[in-house]
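# What the coordinates show
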Amino acid sequence: MIWLRGIAFFGALGFLALTFVNASWLADNPRGSLRLIANGGISQQYTAAAAKSPCPAQAILPPLHDFIADTDRSVQMARRMGADLVTLDVARTADNALVLYPDATLDCRSNGKGAVSALPLAAVQALDPGYGYTADGGKTFPLRGISRNTIPTLEQVIETDPRWHYFYRFVADDAEAAKVLVAKFKAMGRDPAAAGDGFSGGPAAIAVIRAAWPRVWAYDPAQAAACTSGYRQTGWTSMLPEACKGGTMLAPLDATFTLWGWPNLTVNRMTANGGQIVAMLTSAGAGLRHARDLRSIPITFRGYVMVDDYWTVGPALRPGLDRRTNAEALAAQARDEASTD
């Protein structure tokens, strides 16, 4: 039995050593600042059932405002309310224009049919992006016909404020869309690496982006998932898996206990190897939706945080930039406090 006690002793000693080596509090606080990404700008929010629905627009919560994701006014409002980056969902039209639209197909949210890529720009911009949103199973459609909500081109949004930072997300793994974007940016004189922009999309699209701008932040979801899972397995050694080097880690705030050295060591290891960390609320990839979610972010965390409901979460962290009316703020607070999801 002595040998069993010896194994237990050395096992405990090894565990303590690993815990000490990966202790976040022993690491220097990461440099930089917390950066909020407004997912879609100011957007409508969905019920829990919407996540399983092929058409989430058919299951929104009762609207607190009339902003629709990926419209110019939505993006600019998020910017004025202090978002560090705003995601822009990029889709290519039949005549090689790039528009902001959350889906590769038009049927769910708009009054159009088929793929975005099957219609020319004029036809896409004639559609109503709020046509399909309903909070009562189709009895009413509160966002239909709001003329201020229109489908913009990528250039229209960027030209509103060229100095701002954006995160471009390709809705389809379309290498041609990425090539069009590269050509348009070069014509505009925009270097996304210098501007502090980011990209996400399938491997074909991201390969085009990386070829054009090797230093730009760009990742595909499979790479980010491999980084997170690989770090869970090997992070105890203080070594990063290959998927993390120069890559992106998606850090679920509901499971950060699985990330060795969270937050300080994890962040320092990623940044030392040219990587980025995007904190998500859950392992399923959801962003922050409630002001109380901010408590999940360590005070020393320096990286990006995805925010799904910037209308509610943004002002809780940056109240000096709140652009809501008093009535709008009170309505958002009441729903936030009453929500249990």
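This one's a predicted model, so the numbers in the text were calculated from it and none came from an experiment.

Cut-offs and rules
Residues numbered from 1 in each chain as written. Predicted model: local features only at pLDDT ≥ 70, side-chain atom pairs only at ≥ 80, totals over all residues. Heavy atoms only, no water. Helix = DSSP H or I, 4+ residues; strand = E, 2+ residues; numbered from the N terminus. Rg over C-alpha atoms; globule rule 2.2 N^0.38 Å. Buried < 20%, exposed > 50% of the residue type's maximum accessible area, 1.4 Å probe, protein only. Contact = heavy atoms within 4.5 Å. Areas by Shrake-Rupley, 256 points an atom, 1.4 Å probe, with all protein chains shown as cover. Lys, Arg positive; Asp, Glu negative; His and termini not counted. Charge placed at Lys NZ, Arg CZ, Asp CG, Glu CD. Expected span 1.5 Å × (residues − 1). Polar contact = N/O pair within 3.5 Å; in protein donor to acceptor, adjacent residues only side chain to side chain. Phe/Tyr/Trp six-rings, centres within 6.5 Å; stacked < 30°, edge-to-face > 60°. Disulfide = S-S within 2.5 Å. Salt bridge = Lys/Arg side-chain N within 4 Å of Asp/Glu carboxyl O.

### As for the overall build of the chain
A count of helical and extended segments in the chain gives 11 helices and nine strands. The globule rule puts the C-alpha radius of gyration for 341 residues at 20 Å, and the 22 Å found for the chain is close to it. Taken along its principal axes, the extent of the C-alpha atoms in the chain is 80 × 50 × 40 Å. Residues counted as buried form 50% of the 341 residues belonging to the chain. Sequence-distant contacts, at least 24 apart, represent 65% of the contacts inside the chain between residues at least 6 apart. Accessible surface, the chain as shown: approximately 15600 Å² in total, 59% of it carbon and sulfur. Side-chain charges in the chain split into 32 positive and 30 negative, and the spacing between the mean points of these groups amounts to 5 Å.

### Here we look at helix α8 (residues 221-234)
If you check α8, its first and last C-alpha atoms are 20 Å apart, about what 14 residues at 1.5 Å a residue would give, namely 20 Å. Regarding α8, the residues found buried are Gln223, Ala224, Cys227, Thr228, Gly230 and Tyr231. As for α8, its buried residues are in contact with α7 (203-212), β6 (217-219), β7 (248-252) and α9 (264-272). Between a side-chain oxygen at the N-terminus of α8 and the backbone nitrogen of Ala222 the separation is 3.0 Å; the capping residue is Asp220.

### Side note on the packing of aromatic side chains
This structure, assessed with the given rule, holds 12 aromatic pairs. Considering the side-chain rings of Tyr168 and Phe199, the 5.0 Å spacing of their centres and the 35 degrees angle between planes classify their relative orientation as tilted. Of this pair, Tyr168 sits in strand β4 (residues 166-170) while Phe199 sits in strand β5 (residues 198-200), and the two are 31 residues apart along the sequence. Take Tyr168: its relative accessible area is 0%, and that puts it in the buried class.

### Quick notes on the state of the cysteines
What the rule picks out here adds up to two disulfides. Each sulfur in the disulfide pair Cys55 and Cys108 lies 2.1 Å from the other. Given an S-S torsion of about 85 degrees, the disulfide between Cys55 and Cys108 has right-handed geometry. Of this pair, Cys55 sits in the loop between β1 (35-38) and α2 (72-80) while Cys108 is found in the loop between β3 (98-100) and α3 (121-125), placing the two residues 53 residues apart along the sequence. For Cys108, a relative accessible area of 13% translates into the label buried. Here Cys227 connects covalently by a disulfide to Cys244, the sulfurs 2.0 Å from one another. Residues Cys227 and Cys244 are joined by a disulfide whose S-S torsion is about 105 degrees; by sign, that bridge is right-handed.

### Quick look at the pattern of salt bridges
Under the criterion given, the structure shown has 13 salt bridges. In this structure, Asp103 and Arg109 form a salt bridge, with 2.7 Å as the shortest nitrogen-oxygen distance. Looking at Arg109, the relative accessible area reads 8%, which means it is buried. Linking Glu155 and Lys184 is a salt bridge whose minimum nitrogen-to-oxygen distance equals 3.0 Å. With Glu155 in helix α4 (residues 154-160) and Lys184 in helix α5 (residues 175-188), this residue pair connects regions lying 29 residues apart in the sequence. Its relative accessible area of 19% is what places Glu155 among the buried residues. Given a relative accessible area of 22%, Lys184 falls into the partly exposed group. The structure contains a network of salt bridges with shared partners spanning Asp66, Arg73 and Arg148.

By themselves, these are just geometric observations and shouldn't be taken as functional.
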